Amino acid sequence: MTCQVRQGNTCTWRPSNPLPLNIVKNDNFSLLLLYSSPFSSLLLFFVHFLTDMAIWFARSKNLVSSLRHNLNLSTILIKRDYSHRPVFYTTSQLSSTAYLSPFGSLRHESTAVETQADHLVQQIDEVDAQELDFPGGKVGYTSEMKFIPESSSRRIPCYRVLDEDGRIIPDSDFIPVSEKLAVRMYEQMATLQVMDHIFYEAQRQGRISFYLTSVGEEAINIASAAALSPDDVVLPQYREPGVLLWRGFTLEEFANQCFGNKADYGKGRQMPIHYGSNRLNYFTISSPIATQLPQAAGVGYSLKMDKKNACAVTFIGDGGTSEGDFHAGLNFAAVMEAPVVFICRNNGWAISTHISEQFRSDGIVVKGQAYGIRSIRVDGNDALAVYSAVRSAREMAVTEQRPVLIEMMTYRVGHHSTSDDSTKYRAADEIQYWKMSRNPVNRFRKWVEDNGWWSEEDESKLRSNARKQLLQAIQAAEKWEKQPLTELFNDVYDVKPKNLEEQELGLKELVKKQPQDYPPGFHV
């Protein structure tokens, strides 16, 4: 390089010899810039970068965001394209499309280009700047500092079909129920009532160690079960025995589990009401709260991978939404687009803890939207509303491969369990009001009777037979022997470790020394 022209203290530098610039287009349409001097290497790098970038991002639907990402042009605003992106493309589309998702995942259908970098700059000028692009997604902007309110001014309404007198509300949107289905639904709701009453009394008599009723929540149990397919996999909490009853779990099977005898599928290892049935696609109940929700997300995703025409259905109470597993389960299902129906029974109380001490949100239904899950709030004491909502949610989950959240508004009339006295934290008059005036079984019965499908004679016969069958089942379950002590140490290890063998031996010696401390029929 030589100083060709000098004006004052300014020297204009020009190459001593003109440098040849050869532009060669290769088979891949990339541009090769060939220079022969050290000064040119920087220019070579810059021009080469620009041209390669032009080829890489040409015809991209998210051109500006691509340029911002590579050139760090942080002030560029782009307009979000909310249109649905097709899953399948035509040949012409594949030859000219590069897709950059809102979250920065670049998917190239083709790198073929026909334009130069100057065309890209022209496209930038034509963009209608409306939104900001971040790695976390594209969002609109505002110059006004405004916080999102903690809650809406109006609560999410509750979907219902039947009024308190069992009459259909005019212009209700619901799925029709046939006479046969309606009668069976009512029979099962009434049977569940009888079963709860007799098992509760059996516990009070000391014949079983623990029990938990579904009084006040019979419609959620039976109507949701009626809306599902037998192939749908249910992951219950513990207040859903009606789902098992609907699917064919016999009264004898219920009794065997509660008494923990040799016929108990759980081999007597669990406390009463922890039912389960592989045959009926009903996961065995476990005591820890909300653990079934992440599991349901996994089950739903498995059904999706296997292309099954089924979904996972899981239940939880309002108190369980305070557990981390509730949020993990919903988020997993949403991100993986797993077919899961989450059903939350909002009965106002988590044992003795009122919902006002559980959350400040508008119940549970709004939590679904936070995770990108379609949600609905339903009158859980209205069997027709529950049936319609669950059946519709199930259809969405299976056909659209998405999770759905249903909040069932209800009231737990019974104590939390036989270990609880709910009159210590809520008024007896309140309990009585819900038991008599807002009873879901009575409301559905009125509708069935008004249709001419049920009579007082049918009612008397049903309850009498159910009571008789339950008493017989309990008597039979009591006569069964208990599981041998060895079953307590089986089915965990292929070969028992030494410490487990020592524990088994110690327990056997204790039973021999103090046999009076163990129930009749218990043997080593």
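Note that this is a predicted model, so its numbers are computed, not measured.

## Brief notes about helix H10 (residues 324-336)
Moving on, step 1. Between its first and last C-alpha atoms H10 spans 18 Å; for 13 residues at 1.5 Å apiece the expected length is 18 Å, and the two agree.
Moving on, step 2. Within the sequence span of H10, burial applies to Phe 326, Gly 329, Leu 330, Ala 333 and Ala 334. On an axial view of H10, the arc spanned by its buried residues comes to 125°, and they lie on one face. Exposed side of H10, more than 90 degrees from the buried face: Phe 332 and Val 335 are the residues found there.
Moving on, step 3. Buried-residue contacts for H10 involve helix H9 (292-305), strand S10 (312-317), strand S11 (340-346), helix H11 (365-370) and strand S15 (404-409).
Moving on, step 4. Looking one or two residues beyond H10, the residue adopting positive phi is Glu 337, at roughly 50°.

## Focus: the packing of H9 against H10
Moving on, step 1. The contact between H9 and H10 brings their axes to 7 Å, and the two run at 20°. Between H9 and H10, the angle falls in the class roughly parallel. For the crossing formed where H9 meets H10, the hand is right-handed. Note on element contacts: H10 touches H9 through Asp 325, Phe 326, Gly 329, Leu 330, Phe 332, Ala 333 and Met 336, opposite Leu 293, Pro 294, Ala 297, Tyr 301 and Lys 304.
Moving on, step 2. For the contact of H9 with H10, a count of residues per class yields nine nonpolar, one polar and two charged.

## As for the packing of aromatic side chains
Moving on, step 1. Counted under the stated rule, the structure contains eleven aromatic pairs.
Moving on, step 2. The interplanar angle of 45° and the centroid separation of 5.1 Å between the aromatic rings of Trp 349 and Tyr 425 together place this pair among those described as tilted. Of this pair, Trp 349 sits in strand S12 (residues 349-350) while Tyr 425 sits in the loop between S15 and helix H13 (428-436), and the two are 76 residues apart along the sequence.
Moving on, step 3. On the basis of relative accessible area, Trp 349 is assigned to the buried category, the value being 13%.
Moving on, step 4. Here the aromatic rings of Tyr 433 and Trp 434 are separated by 5.9 Å at their centres, their planes lie at 80°, and the arrangement is edge-to-face.
Moving on, step 5. Accessibility expressed as a relative area gives 41% for Tyr 433, which makes it partly exposed.
Moving on, step 6. One aromatic cluster is present, formed by Phe 249, Phe 254, Tyr 265 and Tyr 275 through successive ring pairs.
Moving on, step 7. Over the face of the ring belonging to Trp 246 we find Arg 184, whose NZ or CZ atom lies 3.7 Å from the ring centre.

## Points about the pairing of strand S8 (residues 137-140)
Both faces of the sheet carry side chains from a regular strand, because those side chains alternate between them.
Moving on, step 1. Note: strand S7 (residues 131-134) against S8, four bridges, orientation antiparallel. By the bridge assignment for S8, Leu 132 is matched with Val 139.
Moving on, step 2. Hairpin connection, S7 to S8: the antiparallel pair is bridged by two residues.

## Some points on unusual backbone geometry
Moving on, step 1. A positive phi angle is found at Asn 281, which is not glycine, with a value near 55°.
Moving on, step 2. Mapping Asn 281 onto the fold places it in the loop between helix H8 (251-259) and H9.
Moving on, step 3. Judged by its relative accessible area of 26%, Asn 281 is partly exposed.
Moving on, step 4. The phi angle at Ile 351 is positive, at roughly 55°, despite the residue not being glycine.
Moving on, step 5. Within the secondary structure layout, Ile 351 lies in the loop between S12 and strand S13 (353-354).
Moving on, step 6. Classification of Ile 351 by relative accessible area gives partly exposed; the value is 40%.

## Topic: the packing of helix H5 (residues 179-204) against helix H6 (residues 218-227)
Moving on, step 1. Relative to each other, H5 and H6 sit at 140°, their axes nearing to 9 Å. The angle between H5 and H6 places the two elements in the oblique class. Where H5 crosses over H6, the two elements pack in a sense that is right-handed. Every residue of H6 that contacts H5 at Leu 181, Met 185, Gln 188, Met 189, Leu 192 and Gln 193 is listed here: Glu 218, Ala 219, Asn 221, Ile 222, Ala 223 and Ala 226.
Moving on, step 2. Grouping the amino acids of the contact of H5 with H6 by side-chain chemistry returns eight nonpolar, three polar and one charged.

## With respect to the nonpolar core
Among soluble globular proteins, nonpolar side chains are generally buried collectively.
Moving on, step 1. Core analysis: the biggest nonpolar cluster contains 77 residues, and Met 185, Phe 199, Tyr 211, Phe 254, Tyr 275 and Phe 444 have the highest contact counts within it.
Moving on, step 2. Looking at which element gives the most residues to this core, the answer is H5, with 14 residues.
Moving on, step 3. Contact partners of Phe 444, with chain neighbours within four places excluded, come to Leu 162, Ala 182, Met 185, Tyr 186, Met 189, Ala 383 and Leu 384.

## Concerning the pairing of S15
Moving on, step 1. Taking burial as the measure, the six residues of S15 include five buried ones, the bulk of the element.
Moving on, step 2. Relative to S15, S11 runs parallel, the two being bridged by six bridges. Across the sheet, residue Val 341 finds its bridge partner in S15, namely Val 404.
Moving on, step 3. Relative to S15, strand S14 (residues 374-379) runs parallel, the two being bridged by six bridges. Across the sheet, the residue bridging to Arg 377 is Glu 407, located in S15.

## A word on H6
Moving on, step 1. Counting buried residues in H6 gives ten out of ten residues, a clear majority hidden from the surface.
Moving on, step 2. Burial in H6 covers these residues: Glu 218, Ala 219, Ile 220, Asn 221, Ile 222, Ala 223, Ser 224, Ala 225, Ala 226 and Ala 227.

## Description of the environment of Gln 205
Moving on, step 1. Inspection of the secondary structure puts Gln 205 in the loop between H5 and H6.
Moving on, step 2. Judged by its relative accessible area of 53%, Gln 205 is exposed.
Moving on, step 3. At 3.1 Å, the side chain of Gln 205 forms a polar contact with the side chain of Arg 207.

Rules of the game
- Residues numbered from 1 in each chain as written.
- Predicted model: local features only at pLDDT ≥ 70, side-chain atom pairs only at ≥ 80, totals over all residues.
- Heavy atoms only, no water.
- Helix = DSSP H or I, 4+ residues; strand = E, 2+ residues; numbered from the N terminus.
- Expected span 1.5 Å × (residues − 1).
- Buried < 20%, exposed > 50% of the residue type's maximum accessible area, 1.4 Å probe, protein only.
- Arc of directions from axis to C-beta.
- Contact = heavy atoms within 4.5 Å.
- Axes fitted to C-alpha atoms, helices over the stretch in contact; angles between N-to-C directions.
- Parallel < 35°, antiparallel > 145°, perpendicular 65-115°, else oblique.
- Left-handed = near helix turned anticlockwise from the far one by under 90°.
- Nonpolar A, V, L, I, M, F, W, Y, C, P; charged D, E, K, R; others polar.
- Phe/Tyr/Trp six-rings, centres within 6.5 Å; stacked < 30°, edge-to-face > 60°.
- Lys NZ or Arg CZ within 6 Å of the ring centre and 35° of its normal.
- Pairing = 2+ DSSP bridges.
- Core = buried A, V, L, I, M, F, W, Y, C linked by side-chain atoms within 4.5 Å.
- Polar contact = N/O pair within 3.5 Å; in protein donor to acceptor, adjacent residues only side chain to side chain.

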